[in-house]
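# Examination of the molecular architecture
This is what each chain is made of:
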Amino acid sequence: MRGGLLLGLAVVVALAATGVWNPFPGLWDWVDRSEPISEPDVVWQQRVGGTPRSVTIAGDAVVVEQRTRVEARSLATGAQLWERKADWAAVAGGDRDAVVAVGKLLVKGYELLDPTTGVTRRRDDDAVAVWTYRNLLLDARCTDATDCTLSAWDPRGTAPLWTAFLPGVHSGLLADNPGLRGTRRLTATRIDDGVAGAEAAPPLLGFPVDGRVHVVDTATGRVLQNVEPGREERLSVVGGRLLRIAARSQDGTCYFAISARDSATGQEAWQRAGINLRTADSAGCVQREDPQGARNVLIGVAPDGREAVIDGYDGRLLWVGEPGTKLIAVDDRSAVFRAADKRSVIARELGTEKVLWTRQASGKAGAALTPYAAVVADEKPSRLAALDPRTGRELAVLRTSANALAIGSQGMIIGEGREIGYVRFGASGGSPTRPPGDGGNPGPGGPGPGGPNNGDCGPKGELCPDPGGGKDG
């Protein structure tokens with residue numbers, strides 16, 4: 001037997017040496033093959049060069065940002081399409097016009113790459129910061145510390161749509177998507193903060209400059225307001241309004257008041273008192289955080305401890321939780337919360353009493369809402385479920401300890417360590433409904449869900465003709 005084995009090995013080595021047949025590469029691939037990261041198995045699974053910092057589905061490509069480089073892979077097969085050295089990367093545009101902005105830290109300028117080929121579509125040598133949206137790309141460049149220009153571009157445009165002047169930028173305005181004065185997203189364990197990808201640009205943005213907030217209209221580039229907060233105030237731009245959030249310390253507690261101002265006139269549009277927007281810590285009610293929320297809505301806590309969702313444009317209470325419930329995901333159409341018994345999660349349409357869906361889940365379940373799917377992550381056992389956000393219909397259900405990294409129109413990317421894989425929707429429940437053109441982001445004061453334009457006209461209705469001859473922005 002020993003002689004037969006030695007003879008067989010000698011034959012294999014001879015065949016490999018002469019190039020007739022070489023089993024060793026395939027054998028090594030089998031030994032080195034990673035265990036599947038989910039059950040059912042993913043469409044494809046690949047090991048990337050480093051632990052991903054962000055993953056984004058950009059049309060037919062998957063863009064993976066790592067610490068010192070960025071790479072793109074085919075959405076269909078997982079094969080690598082291209083790779084570049086870069087310290088940061090961000091995706092702008094939608095399914096048909098996506099671009100990848102890449103650059104180096106502490107170095108001015110950036111490049112816009114085609115997500116499928118990696119070819120440079122546009123290069124800039126002067127910008128110090130870039131903001132990426134589904135329908136817009138903004139960049140800022142400064143001739144000196146107190147003279148900066150903000151420019152807006154179509155994702156694949158070659159000339160700016162508009163420019164605006166700002167009196168400087170603070171030291172944090174570097175690289176991709178530095179913080180502006182808006183809202184903080186709710187987060188969930190095992191669901192990446194950027195799972196939804198780029199969103200449509202909001203109607204107004206708040207740029208912090210030297211202790212003041214400059215409010216910029218994203219449709220025209222006009223700087224509408226330049227406001228300095230009071231000693232007990234924090235400023236935030238949400239839903240087309242400038243919010244002045246006051247937190248006053250008295251009697252051993254914090255007293256809150258919100259005043260929303262019209263962007264054009266500066267007059268008060270609505271106000272509420274007693275709602276805690278979670279902007280202050282316990283040390284003297286100092287406000288160091290933006291309010292929690294998403295798109296055009298805010299999340300607050302009423303004096304009786306119940307959570308509430310507030311319309312940033314008109315101040316309406318869109319949802320108020322029952323005692324013991326916990327809000328875990330929200331956009332400007334629906335809210336997902338854990339029931340008081342901690343045995344299920346429930347999705348409810350904002351502004352109505354309509355329950356969209358209910359799903360059994362543990363008291364530690366987390367969730368995220370995206371235009372294409374609602375994602376629910378649960379533990380013991382570990383599960384990831386992608387659901388139709390309006391009906392709760394299962395698009396994919398996985399037994400996995402991996403994280404949900406990116407959601408697209410036809411599937412999602414999950415990952416664990418350096419392993420990423422693609423899950424196609426519909427294997428266990430059909431295909432999702434594609435969202436409206438801007439991902440379902442109705443503009444303040446404009447038609448909301450179910451309205452005449454159903455969110456198709458952009459954040460300020462600027463993509464549709466105005467049948468009434470004018471619109472109050």
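In case you missed it, the structure is sitting above this.
An account of the accompanying structure is given in this report. (Residues numbered from 1 in each chain as written. Predicted model: local features only at pLDDT ≥ 70, side-chain atom pairs only at ≥ 80, totals over all residues. Heavy atoms only, no water.)

## Concerning empty space enclosed by the protein
Per the stated rule, a full pass over the model turns up three cavities of 30 Å³ or more. A volume near 160 Å³ is recorded for the largest cavity. Taken together, 20 residues line the largest cavity, and the ones lying closest to its centre are Thr56, Ile57, Arg134, Ala196 and Gly197. Elements with a minimum of two residues in the lining of the largest cavity: β2 (54-58) and β34 (403-407). It is β2 that provides the largest number of residues to the lining of the largest cavity, a total of four residues. Considered class by class, the residues forming the lining of the largest cavity number eleven nonpolar, seven polar and two charged. Both domain 1 (54-177) and domain 2 (180-320) contribute no fewer than three residues apiece to the lining of the largest cavity. (1 Å grid on protein atoms, 1.4 Å probe; cavity = no way out; pocket = protein on both sides within 12 Å on 5 of 7 lines; lining within 4 Å. Points joined across faces, edges and corners; volume = space filled by probe spheres on them. Helix = DSSP H or I, 4+ residues; strand = E, 2+ residues; numbered from the N terminus. Nonpolar A, V, L, I, M, F, W, Y, C, P; charged D, E, K, R; others polar. Domains from an automatic or database assignment.)

## Re the pairing of strand β13 (residues 162-166)
Burial of the side chains of β13 is restricted to one face: Trp162, Ala164 and Leu166 are buried, whereas none of Thr163 and Phe165 on the reverse face is. As defined by bridge partners, strand β12 (residues 147-153) adjoins β13 across five bridges and the pair is classed as antiparallel. Following the sheet pairing, Leu150 is matched in β13 by Ala164. (Buried < 20%, exposed > 50% of the residue type's maximum accessible area, 1.4 Å probe, protein only. Pairing = 2+ DSSP bridges.)

## Overview of the nonpolar core
One finds Ile191, Ala386, Ile407, Met412, Ile414, Val423 and Phe425 to be the most contacted residues of the largest nonpolar core, which totals 22 residues. Looking at this core element by element, the count peaks at three residues for strand β33 (residues 394-399). Setting aside chain neighbours within four positions, we find Ile407 in contact with Ile57, Val195, Thr370, Tyr372, Ala373, Val375, Met412 and Phe425. Counting 19 residues, the second-largest nonpolar core is a separate cluster that includes Leu138, Leu150, Ala164 and Leu205. (Core = buried A, V, L, I, M, F, W, Y, C linked by side-chain atoms within 4.5 Å. Contact = heavy atoms within 4.5 Å.)

## Re the pattern of salt bridges
Here the structure, examined in full by the defined rule, presents 29 salt bridges. For Glu39, the salt bridge is made with Arg399, and the minimal N-O distance between the two is 3.0 Å. Placement of the pair is Glu39 in the loop between α2 (24-32) and β1 (44-47) and Arg399 in strand β33, with a sequence separation of 360 residues. For Glu39, a relative accessible area of 46% corresponds to the partly exposed category. Look at Arg399 and you get partly exposed, because its relative accessible area is 40%. Arg241 is paired through a salt bridge with Asp262; the nearest N and O atoms lie 3.2 Å apart. Of this pair, Arg241 sits in strand β19 (residues 241-250) while Asp262 sits in strand β20 (residues 253-262); the two residues are 21 residues apart in sequence, bridging distant segments of the chain. Under the relative-accessibility criterion, Asp262 is labelled buried at 15%. (Salt bridge = Lys/Arg side-chain N within 4 Å of Asp/Glu carboxyl O.)

## Some details on the sheet that holds β2
In spatial order, the strands read β2-β3-β4-β5; together these four strands make up an open sheet with antiparallel pairing. Looking at which strands have only one partner, the edges of the open sheet turn out to be β2 and β5 (80-85). Geometrically, the sheet is characterised by an average inter-axis angle of 15° between neighbouring strands, direction not taken into account. Of the strand pairs in this sheet, strand β3 (residues 61-65) and strand β4 (residues 69-74) are connected by five bridges, and their pairing is antiparallel. Across the sheet, the residue bridging to Val64 is Glu71, located in β4. (Axes fitted to C-alpha atoms, helices over the stretch in contact; angles between N-to-C directions.)

## Topic: the sheet that holds strand β29 (residues 355-360)
Spatially, β26-β27-β28-β29 is the arrangement adopted by the four strands of the open sheet, whose pairing is antiparallel. What marks the edges here is a single partner per strand, and that holds for β26 (326-330) and β29. Between one strand axis and the next, the sheet turns through 20° on average, direction left out of account. Pairing between β26 and strand β27 (residues 334-338): four bridges, direction antiparallel. Looking at the pairing, Val330 lines up with Ala335 of β27.

## Brief notes about the side chain of Arg234
Here Arg234 is to be found in strand β18 (residues 233-238). Polar side-chain contacts of Arg234 include one of 2.9 Å to the backbone oxygen of Glu289. Within the local environment of Arg234, its side chain forms a polar contact with the side chain of Asp290, the two groups lying 3.2 Å apart. Apart from the residues lying within four places of it in its own chain, the contact partners of Arg234 are Arg181, Leu243, Arg244, Ile245, Gln287, Arg288, Glu289 and Asp290. (Polar contact = N/O pair within 3.5 Å; in protein donor to acceptor, adjacent residues only side chain to side chain.)

## With respect to the packing of aromatic side chains
Taken as a whole and assessed by the stated rule, the structure comprises three aromatic pairs. Summarising the aromatic geometry, the rings of Trp319 and Phe337 are spaced 5.2 Å apart at their centres and angled 35° between planes, so their arrangement reads as tilted. Note that Trp319 is positioned in strand β25 (residues 317-320) and Phe337 in strand β27, a separation of 18 residues in sequence. Take Trp319 and Phe337: they sit in the same class, and that class is buried. A cation over an aromatic ring shows up here: Arg122 above the ring of Trp153, its NZ or CZ 3.6 Å from the ring centre. Taking the ring centre of Tyr313 as reference, the NZ or CZ of Arg241 above it sits at 4.0 Å. (Phe/Tyr/Trp six-rings, centres within 6.5 Å; stacked < 30°, edge-to-face > 60°. Lys NZ or Arg CZ within 6 Å of the ring centre and 35° of its normal.)

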